[in-house]
Each structure stands twice: as C-alpha cells, then as structure tokens.
Amino acid sequence: MSPRTSNYILVGIVVGIVAAFVGVELFGERMIAFEWMGTLFLRALKMIIMPLIMASMIVGITTLGDVRKLGRVGGLTVLYYATTTGLAVALGIVLVNIIQPGVGVAMEVGAATPDAVAGKEEMGFVDIVLSFVSENVFQSMANLDILPVIVFSLLLGAILTTIGRDGEPVIAFFNGLNEAIMKMVVLLMYFAPFGVFGLVAGRFARAGDLGELIGGLGRYMLTVLLGLGIHGFIVLPLILWLFSRRNPLRYLANMATPILTAFSTASSSATLPLTIEATEERNEVSRESAYFVLPLGATVNMDGTALYESVAAIFIAQAVGIDLTFGQQVMIFLTATLAAIGAAGIPQAGLVTMVIVLRAVGLPLEGIALILAVDWLLDRFRTAVNVWGDSVGAGVIDRVLIKMRGTAGEGAGTGGEG
Ligand code: ASP
C-alpha cells in the first residue's frame, strides 16, 4: 500500500472515531445501530489472525535461517519484553504510591466476586506455564487461543530450517500463504475507518453517561492513564531511540493506524495484522524481526496491562485499608509482570489475570468489583500501549539483527526487505 493511501486510511480512522463520539453525544443509544460495522471488522481481523500468525512466524524464523541465530534473537526478544514490562510495572507502583487513589474509596462490605473472574479464582503460576502448550493445536486455532499456536509455529519453523531440502516446499508454502494474507490485510484496511467507527460508536453508546460511570474512580483512572502516558510517550520512545536510533516521533506516527485500532478493538491479537503491516511496510522493519517479534509480543508483551495490574492491585489494597509492606510490593512487581504475560490479547484479559496478583499478597478478589465499571475503558488505552510496545520491540530487535549481520558478514539473510 502506498504511503499516501495509508495516510488517507489513517485520516478516515480518525474521522471515524471522532464521528462516533459526536454521534454518541448527539444520538446516544441509537448509535448502537452501527455496531454491526465494528463486529464485521473485528470478525474479519480475527478470521485472518490464525493463518497469519502461523505463516508469519514460520517465514520470520526461516528467514533468520540459522537455529543458533534464532536462539540469540529469541533471548534478546525475551530480555526486551521482560525489561520493558518490568519498567512499566515499576512506574505503576511508584505512581500509585504517590497519588494514593484508593485512599478514601469505600469498598462495599461483602461484595461478591465479580462474574468476570468466576471460575478463575484459583488461577496461579502453573496455569500460565500450561497455557503455552495445548494438546490440540487445531483446537487452539479454532478457539483463537494464540499462545500454543505460537509455540507450535516456533518449533515448526525452527525444525524446518534444519531438515534441508525436505523443508523447502513447506517453507515455500508458508511464504506464499503469508504474502496472500498480507494482501488480505491491505484489503481489510480500506474498511478500517468504518469498522473503527462502528466499534467505538457501539461501545460508548452502550456505556451511557461516562461521568456517572467514572464516579469515584477518577483518581484511579488518572493514575493508570498518567502511567500509560509516561510509558508510551517517554519511556518507550527513549528505548527506541537509544537502542535503534530511529526517530520515535516518526515511528509513532507510522504506527497510528494499529494504535487507534487497538484502542477501538481493545485487543492486541485482533490488531496484530495491522501492527505487522505498519511495522514492516511503514516503519521498514525487516520481516525476520517483525514476523518473529510481533506475534509473540501480541500475546506475551503487554506493558500497558502490566502497569495497570500493579496500579489496580495497590489501589484495591488502599481502598480496603491494607498497608502493603515493601516485600508485598515486590511481590506485586513480580506477579503483575507474570499476570501481564499470562493475559491473552483479548478485551479485559488483564482483569482476569489480576487474580494472580491479588492472591499473591492476600488481597480480596472482591476488590475487582471496585474497578470493574471503568475497566473496559482503561482496557482500550492499555491495549494501545501494548501494541506500541510490541512495535518498539520489533524496531529494537531489528537493529540488533542488522548489527549481527554486520559482524557476521554477508550471506546470512535470505529475505529481509528492511
Ligand atoms: N486487552 C488487552 C490486550 O489485548 C489485554 C488486557 O489488558 O486486558 O492487549
């Protein structure tokens, strides 16, 4: 897609979002009539994510060529994820301790555990480990359960590079599939302005009066949004600039379409096709970095979610009147990181994995009821930061790959249209 067309689409998306808000302001609940456009867009995105993830990961890995290189890139990717997620959690902990949004917020005595986490009360570390592997990869695909499919594709891609000529037709097949699906993504982008309009109009029309909804949670929301703002506009751009020498403003502007789509869909997984398109085509990140880092990042790397988990847990502690010790805050740091890794890239997944954080420090799960009303709204902002964090990761890893190629001399890469 030419830069000019994608700029038109971006303008269309912005107009779509603004029109949706204006429409909700003027016509209220009647805007729900447009929700089907959003549903259609979301379905189309979901329709292509599974084949796209398989094909793109296999293309990414086989383009890398050497399994040892994959090990190094994989290690660096994990290091990047862990570092930025940790920074986000730490920032959340600092802010919530300074602002203290939970002090003075009354929690209903005897509140029930919200439906959102019903049946998940026992969730723990082991569940996260188990979620990496499923017993049936086709069933995982059908359920849009991304993590096991990523693990399977990772293994398949790595092994395909080791079996010589037998692997070649399989690699060629996935290359072709990937090309075709990326073309579908481009087609889908033409519909994005309408889809985003429908998604925003439908959800905000259902929400009713936002002021009433926010109620006493204003300071809590402010803490999360401030944290997301600092992480998204200062920390991540700084990391991008320091480690990849790319211009963060331009890089961010080029990611505007997926970031706004993330805001509209509240799902990093559903946004993935557009994230890959923008990172590869507009930011010119090589395909071995983009295709490897982004699908993994969409499910595992969630800076926004991590930050929110720590703020929300400590907010609940403050509301309940529990003074957390330093040790407990460290525990929150560790478990919030884990909870963000364990959260799927779907709407409000972070709310569910917060059970892990609350249980680790003995906070009441009923506290989740406190933040439930505004969670869908915060989810949109944290998803936008999640997607931005993934693309920054791809930019950083790309730089490392370029350096590796430089030191190893020519001849290692096959594709790489960076
Ligand atoms: N909705 C988020 C995402 O898809 C996950 C969450 O924080 O609930 O990235």
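Remember, it's a predicted structure, so these values are computed and weren't measured experimentally.

Let us now look at the packing of helix 1 (residues 3–27) against helix 11 (residues 256–265). In contact at an axis separation of 9 Å, helix 1 and helix 11 are set at 25° when each is read in the N-to-C sense. Judged by the inter-axis angle, helix 1 sits roughly parallel to helix 11. Remark: the crossing between helix 1 and helix 11 carries left-handed chirality. Here Leu10, Ile13, Val14, Ile17 and Phe21 of helix 1 lie close against helix 11, whose contacting residues are Ala256, Thr257, Leu260, Thr261, Phe263 and Ser264. Considering only residue class, the contact of helix 1 with helix 11 consists of 8 nonpolar, 3 polar and no charged.

A complete count under the given rule lists 10 aromatic pairs for this structure. These aromatic residues form a ring-pair network of at least three members: Phe21, Phe204 and Trp376. Residue placement shows arginine 203 over the ring face of tryptophan 376; its charged tip is 3.9 Å from the ring centre.

Quick look at the environment of proline 51 now. Following the sequence through the fold, proline 51 ends up in helix 2 (residues 35–64). The partly exposed category is assigned to proline 51, whose relative accessible area is 31%. Here the alpha-carbon distance between proline 51 and leucine 177, two residues 126 residues apart in the chain, equals 8.0 Å. Every residue in contact with proline 51, bar those within four places of it in the chain, is listed here: Leu177 and Ile181.

Let us now look at helix 14 (residues 303–320). With 18 residues, helix 14 should reach 26 Å at 1.5 Å per residue; the first-to-last C-alpha distance of 26 Å fits that figure. Of all the 18 residues making up helix 14, 17 are buried; the element is thus mostly covered by neighbouring parts of the structure. Within two residues after helix 14, glycine 321 carries a phi angle of roughly 85°, on the positive side.

All right, on to the pattern of salt bridges then. Applying the stated rule across the entire model yields 6 salt bridges. A salt bridge links arginine 246 to aspartate 398; its shortest N-O distance comes to 3.2 Å. Here the residue arginine 246 occupies a position in the loop between helix 9 (218–244) and helix 10 (248–254), and aspartate 398 occupies one in helix 17 (residues 368–408), the gap between them amounting to 152 residues. Linked by salt bridges that have partners in common, Glu179, Glu280 and Arg287 make up one network.

A few words now on the site of the ligand. Taken together, 16 residues lie around the ligand, and Ser268, Thr305, Gly350, Asp379 and Arg382 are the ones closest in. Residue threonine 383 places a side-chain N or O atom 3.1 Å away from a nitrogen atom belonging to the ligand. Note that an oxygen atom of the ligand is positioned 2.9 Å from one of the side-chain N or O atoms of asparagine 386. Starting from 270 Å² of accessible surface for the ligand in isolation, the protein chains cover 100%. Every element with two or more residues in the shell around the ligand is listed here: helix 16 (349–360) and helix 17. Sort the elements by how many residues they give to the shell around the ligand and helix 17 lands first, with 4 residues.

Membership of the largest hydrophobic core comes to 132 residues, with the highest contact counts inside it found for Tyr220, Met354 and Ile371. By residue number, the principal contributor to this core is helix 2, which donates 17 residues. The residues contacting methionine 354, other than those within four sequence positions of it, are Tyr308, Glu309, Ala312, Ala313, Ile368 and Ile371.

All right, on to a nonpolar patch on the surface then. Taken together, the side chains of Phe233, Ile234, Leu238, Trp241, Leu242 and Phe243 make up a nonpolar region of the molecular surface, amounting to roughly 670 Å² of accessible area. Examined against the element boundaries, tryptophan 241 turns out to sit in helix 9. Residue class for tryptophan 241 comes out partly exposed when judged on its relative accessible area of 41%.

Within the fold, valine 361 resides in the loop between helix 16 and helix 17. When the C-alpha positions of valine 361 and isoleucine 322 are compared, they lie 10 Å apart, and in sequence the two are 39 residues distant. If we skip the residues at most four places from it in the chain, valine 361 touches Gln328, Met331 and Ile332.

Another aspect to go through is the packing of helix 2 against helix 13 (residues 287–300). The geometry of helix 2 relative to helix 13 is characterised by a closest axis approach of 8 Å and an angle of 135° between their N-to-C directions. Here helix 2 is positioned oblique relative to helix 13, judged by the angle of their axes. Handedness of the crossing formed by helix 2 with helix 13: left-handed. The segment helix 2 lies against helix 13, with Ile53, Ser56, Met57, Val59, Gly60, Ile61, Thr63 and Leu64 engaging Arg287, Glu288, Tyr291, Phe292 and Pro295.

The next thing to look at is the environment of leucine 199. Within the secondary structure, leucine 199 is located in helix 7 (residues 168–207). For leucine 199, a relative accessible area of 13% translates into the label buried. Between the C-alpha atom of leucine 199 and that of phenylalanine 34, which follows or precedes it by 165 residues, the distance is 8.1 Å.

In this section: the side chain of threonine 84. Mapped onto the elements, threonine 84 comes out in helix 3 (residues 67–99). A distance of 3.3 Å separates a polar side-chain atom of threonine 84 from the backbone oxygen of tyrosine 81. Setting aside residues no more than four positions away along its own chain, threonine 84 makes contact with His231, Leu236, Ile239, Asn301 and Asp303.

Attention now goes to the confidence of the model for the protein chain. The predicted coordinates ought not to be read in detail in places where the model reports low pLDDT. Confidence in the prediction for the protein chain averages 90 pLDDT; 95% of positions are at 70 or higher. This stretch, residues 410–418, has a pLDDT under 50; its non-local contacts, to residues over four places away or in other chains, come to 15 contacts.

Scoring rules and cut-offs
Residues numbered from 1 in each chain as written. Predicted model: local features only at pLDDT ≥ 70, side-chain atom pairs only at ≥ 80, totals over all residues. Heavy atoms only, no water. Axes fitted to C-alpha atoms, helices over the stretch in contact; angles between N-to-C directions. Helix = DSSP H or I, 4+ residues; strand = E, 2+ residues; numbered from the N terminus. Parallel < 35°, antiparallel > 145°, perpendicular 65-115°, else oblique. Left-handed = near helix turned anticlockwise from the far one by under 90°. Contact = heavy atoms within 4.5 Å. Nonpolar A, V, L, I, M, F, W, Y, C, P; charged D, E, K, R; others polar. Phe/Tyr/Trp six-rings, centres within 6.5 Å; stacked < 30°, edge-to-face > 60°. Lys NZ or Arg CZ within 6 Å of the ring centre and 35° of its normal. Buried < 20%, exposed > 50% of the residue type's maximum accessible area, 1.4 Å probe, protein only. Expected span 1.5 Å × (residues − 1). Salt bridge = Lys/Arg side-chain N within 4 Å of Asp/Glu carboxyl O. Near = heavy atom within 4 Å. Polar contact = N/O pair within 3.5 Å; in protein donor to acceptor, adjacent residues only side chain to side chain. Areas by Shrake-Rupley, 256 points an atom, 1.4 Å probe, with all protein chains shown as cover. Core = buried A, V, L, I, M, F, W, Y, C linked by side-chain atoms within 4.5 Å. Patch = residues over 30% accessible without salt bridge, like charges linked within 9 Å, V, L, I, M, F, W, Y side chains within 5 Å. pLDDT = per-residue confidence, 0-100.

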